[in-house]
Amino acid sequence: MDKPQHILDDKPKENCGVIGIYSLSGANVIPMAIDALRALQHRGQEAWGLAIPNKPPLKRLGLVSAASSEFKSIAEEYSSPCVIGHVRYSTMGRSSLENAQPLKVKDLCVAHNGTIANVQELSNLVGGCSFTPQNASDTLVAAQRLVSLISENGQMGKALSVLKNEMVGSYCFTFISDDNSVFAARDPKGFRPMVLGHKESDDTYIVASESSAVSAVGAKMQRNVTPGELIRMSKDGIATEMFSDEPKRAHCSFEFTYFAHPTSNMEGTNIYVARKNIGRYLAKKFPIKDADLVIPVPDSARPAALGYAQELGVSFDEGLLKDRYSKKGPLRSFIEPHQTDRVEINRWIIPIKEIIDGQHVVVIDDSLVRGTSSKAIIKALRRAGARKISMVITYPPIKFPCYAGIDFPSQEELATFSNGKDLNDEETIDMVRKDIGADFLGYNDAENLAAAVGIPADSMCFTCASGNYDSLGITPEFKSREEIKGEAS
């Protein structure tokens with residue numbers, strides 16, 4: 001079914017995944033790249049692509065697996081011992097092959113995970129003519145500026161040390177040059193994740209957004225890429241340098257509750273274990289004594305719900321299941337770019353009446369952004385006969401837009417938006433509770449989440465909850481969805 005034009009014009013900023021691979025033994029790494037991108041599919045479902053030296057990038061719309069009939073021919077045509085790759089959600093620009101990544105600027109291809117907040121300002125440094133929201137991306141502007149700086153400074157590291165002072169936002173980059181070098185760079189505050197791995201059997205190094213991609217190709221994770229670090233992989237081996245010595249960290253807290261794959265290890269913490277621990281800490285914060293049953297909203301809330309139930313000593317069960325055989329059932333509703341897709345997905349989350357009927361159900365969810373999913377789920381549980389419904393959210397109330405790569409483009413879309421009313425935290429939560437139809441609503445807080453994860457709260461980014469943009473170094477001008485759309489028209 002064709003989507004209405006006003007929905008097609010909805011261009012949220014979202015998350016992505018990147019890889020960079022280099023085989024010192026000369027092995028063809030394209031099959032490995034495809035497997036790694038499939039392992040990062042949860043980070044981007046709009047488009048994917050890969051790039052090798054001296055060839056235009058290969059780009060495809062949709063899921064990696066949708067091109068499975070081409071895998072053999074792609075591996076032969078693009079055979080190479082080095083590659084970068086990308087799975088995409090739109091940061092800026094429409095979901096088109098033109099904006100799919102990697103992008104090529106002169107002899108450098110680039111893949112980017114993150115969002116450049118001052119892209120218009122940056123575009124002025126490269127002539128100002130290359131950026132319009134409809135047909136270009138923040139990645140392209142950053143790549144153009146970087147190539148310009150490389151031509152001035154002669155080296156990638158020196159260019160990045162200049163660019164980091166000009167560019168505001170979050171970024172993990174992988175680059176590949178026509179001289180057969182692969183580079184990887186992580187922003188100085190570590191907003192977005194990046195890890196380094198090695199596959200011993202064919203002496204291949206891999207950099208990826210998450211360790212799940214490293215494991216998927218049979219490699220072993222060696223370490224996190226240090227914020228402000230540039231890694232170069234070439235025939236001479238692996239070399240590293242720091243392009244920034246910024247000491248303060250701002251790891252995205254949303255990675256730990258939602259985005260990252262549960263098998264991944266991030267900043268020294270296993271995501272599944274962290275989420276289970278978040279559930280335990282939530283049970284201490286909200287010990288709902290008369291609960292009969294704890295259920296997760298599938299899928300990423302499952303470990304938190306299990307931890308909550310175990311800590312509270314209440315039964316855990318699967319009261320909601322996704323229809324794995326529907327077209328949209330297995331996908332993730334928050335990161336679908338269009339509202340109609342989110343609604344369609346929610347129709348395929350099915351309550352199990354025999355588990356729910358007559359029970360006081362505690363529903364654990366990883367986040368509450370727009371409220372669309374929560375409202376639909378609570379209605380479904382009511383229809384299934386739930387006696388009482390308490391909802392506990394693993395993430396703090398989201399009140400502000402994100403300018404570091406997550407999809408909160410305007411305050412008016414958020415469930416916490418009070419439309420000009422001056423509400424305190426308690427009143428805001430009660431407003432959301434009534435809107436979604438729950439009997440009780442409890443949100444996590446930043447300190448509790450950070451303690452559960454095992455990372456200091458001041459080393460994590462909670463800007464979308466706090467409204468404090470100091471970590472990005474900006475004072476944003478909040479815009480409505482209509483204003484955002486107007487700029488792109």
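Residues numbered from 1 in each chain as written. Predicted model: local features only at pLDDT ≥ 70, side-chain atom pairs only at ≥ 80, totals over all residues. Heavy atoms only, no water.

Undergrad: Can you walk me through the overall build of the protein in this structure?
TA: In terms of regular secondary structure, the protein is built from 17 helices and 23 strands. Residue burial in the protein is summarised as follows: out of 489 residues, 60% are buried. In the protein, the proportion of contacts linking residues at least 24 apart, taken out of those at least 6 apart, comes to 71%. Just so you have it, the protein exposes about 18900 Å², and 49% of that area is on carbon and sulfur atoms. (Helix = DSSP H or I, 4+ residues; strand = E, 2+ residues; numbered from the N terminus. Buried < 20%, exposed > 50% of the residue type's maximum accessible area, 1.4 Å probe, protein only. Contact = heavy atoms within 4.5 Å. Areas by Shrake-Rupley, 256 points an atom, 1.4 Å probe, with all protein chains shown as cover.)

Undergrad: How do you make sense of empty space enclosed by the protein when you look at a structure like this?
TA: The gaps of empty space that remain are located by a probe, the size of a water molecule, rolled over the atoms. In this structure the tally under the stated criterion is 3 cavities of 30 Å³ or more. There is about 90 Å³ of room inside the largest cavity. Of the residues in the lining of the largest cavity, the class split is 10 nonpolar, 2 polar and 1 charged. (1 Å grid on protein atoms, 1.4 Å probe; cavity = no way out; pocket = protein on both sides within 12 Å on 5 of 7 lines; lining within 4 Å. Points joined across faces, edges and corners; volume = space filled by probe spheres on them. Nonpolar A, V, L, I, M, F, W, Y, C, P; charged D, E, K, R; others polar.)

Undergrad: Before we go on, may I ask you to explain helix H10 (residues 302–312) in this structure?
TA: Residue pairs three or four apart in sequence face the same way in an α-helix, which turns once every 3.6 residues. Of the residues making up H10, those classed as buried are Pro303, Ala304, Ala305, Leu306, Gly307, Tyr308 and Ala309. Taken from the residues just after H10, Gly313 is the one with a positive phi, measuring 75°.

Undergrad: When you look at the packing of aromatic side chains in this model, what are you seeing that I'm missing?
TA: To describe a pair of aromatic rings, one takes the distance between the centres and the angle between the planes. Applying the stated rule across the entire model yields 8 aromatic pairs. Arranged with centres 4.9 Å apart and planes meeting at 90°, the rings of Phe254 and Tyr395 form a pair that is edge-to-face. Here the residue Phe254 occupies a position in helix H8 (residues 253–259), and Tyr395 occupies one in the loop between strand E21 (388–393) and helix H14 (425–436), the gap between them amounting to 141 residues. Each of the two residues, Phe254 as well as Tyr395, counts as buried. An angle of 80° between the planes, with centres 5.2 Å apart, marks the rings of Tyr258 and Phe259 as edge-to-face. On the basis of relative accessibility, which here comes to 5%, the residue Tyr258 falls in the buried class. Here a set of aromatic residues connected by ring pairs shows up, and it is made of Phe254, Tyr258, Phe259, Tyr395 and Phe462. Over the ring of Tyr78 we find Lys55, and its NZ or CZ is 5.3 Å from the ring centre. The lysine or arginine in question, Lys284, covers the ring of Tyr281, its NZ or CZ lying 5.1 Å from the ring centre. (Phe/Tyr/Trp six-rings, centres within 6.5 Å; stacked < 30°, edge-to-face > 60°. Lys NZ or Arg CZ within 6 Å of the ring centre and 35° of its normal.)

Undergrad: Looking at this model, I keep getting lost on the pattern of salt bridges. Mind explaining?
TA: Pairing of side chains with opposite charge becomes possible as their charged atoms draw close. What the rule picks out here adds up to 21 salt bridges. Glu255 is the salt-bridge partner of Arg43, the closest N and O atoms lying 2.7 Å from each other. Residue Arg43 is located in the loop between helix H2 (30–39) and strand E2 (47–51), and its partner Glu255 is located in helix H8; the two are separated by 212 residues in the primary sequence. In this structure, Arg43 and Glu255 share a single accessibility class: buried. (Salt bridge = Lys/Arg side-chain N within 4 Å of Asp/Glu carboxyl O.)

Undergrad: For this particular structure, what's the right way to read the side chain of Thr394?
TA: Looking at the secondary structure, you find Thr394 in the loop between E21 and H14. Judged by its relative accessible area of 2%, Thr394 falls in the buried class. Beyond its immediate stretch of four places on either side in the chain, Thr394 contacts Thr257, Ile278, Leu282, Ala304, Ile364, Asp365, Asp366, Asn444 and Leu449.

Undergrad: Explain the sheet that holds strand E17 (residues 293–296) to me, please; I cannot follow it from the model alone.
TA: Working definition: the strands of a sheet are paired by backbone hydrogen bonds and lie parallel or antiparallel to each other. Ordered by their spatial adjacency, 4 strands build an open sheet running E17-E20-E21-E22, and the pairing between neighbours is parallel. Looking at which strands have only one partner, the edges of the open sheet turn out to be E17 and strand E22 (440–443). The sheet shows a mean angle of 20° between the axes of neighbouring strands, taken without regard to direction. With 4 bridges connecting them, E17 and strand E20 (residues 360–365) associate as parallel partners. Across the sheet, the residue bridging to Val294 is Val362, located in E20. Relative to E17, H10 is tilted by about 165°, and along the sheet it contacts E17, E20 and E21. Where helix H13 (residues 372–383) meets the sheet, it contacts E17, E20 and E21, and its direction lies at approximately 155° from that of E21. (Pairing = 2+ DSSP bridges. Axes fitted to C-alpha atoms, helices over the stretch in contact; angles between N-to-C directions.)

Undergrad: Sorry, what's going on with the nonpolar core here?
TA: Most often, soluble globular proteins have nonpolar side chains that are buried together. The biggest cluster of nonpolar side chains holds 47 residues, and the ones touching the most others in it are Phe254, Val294, Tyr308, Val362, Ile364 and Val392. For this core, the secondary structure elements donating two or more residues are H8, helix H9 (271–285), H10, E20, helix H15 (446–453) and strand E23 (460–461). Ignoring any residue separated from it by four or fewer positions in sequence, one finds Val294 in contact with Ala305, Tyr308, Ala309, Val314, Ser315, Phe316, Asp317, Val362 and Ile364. Residues Ala33, Ala36, Leu37 and Val217 belong to the second largest nonpolar core, which totals 30 residues. (Core = buried A, V, L, I, M, F, W, Y, C linked by side-chain atoms within 4.5 Å.)

Undergrad: I keep staring at the environment of Glu200 and nothing clicks. Help me out?
TA: Structurally, the position occupied by Glu200 is in the loop between strand E9 (195–199) and strand E10 (204–208). Residues Glu200 and Ala219, 19 residues apart in the sequence, show an inter-C-alpha distance of 7.2 Å.

Undergrad: Explain the sheet that holds strand E8 (residues 182–186) to me, please; I cannot follow it from the model alone.
TA: The strand order across the open sheet built from 6 strands is E5-E6-E7-E8-E12-E13, with neighbouring strands paired in antiparallel fashion. The sheet terminates laterally at strand E5 (103–105) and strand E13 (237–242), the two strands that pair on one side only. Averaged over all pairs of adjacent strands, the angle between their axes in this sheet comes to 20°, without regard to strand direction. Taken together, the 5 bridges between strand E7 (residues 169–177) and E8 define a ladder with antiparallel strand orientation. Directly across from Cys172, in E8, lies its bridge partner Arg186. Contacts from helix H5 (residues 138–153) reach E5, strand E6 (108–116) and E7, with the element oriented near 125° to E6. Here helix H6 (residues 156–166) sits on the sheet in contact with E6, E7, E8, strand E12 (229–234) and E13, set at roughly 155° to E12.

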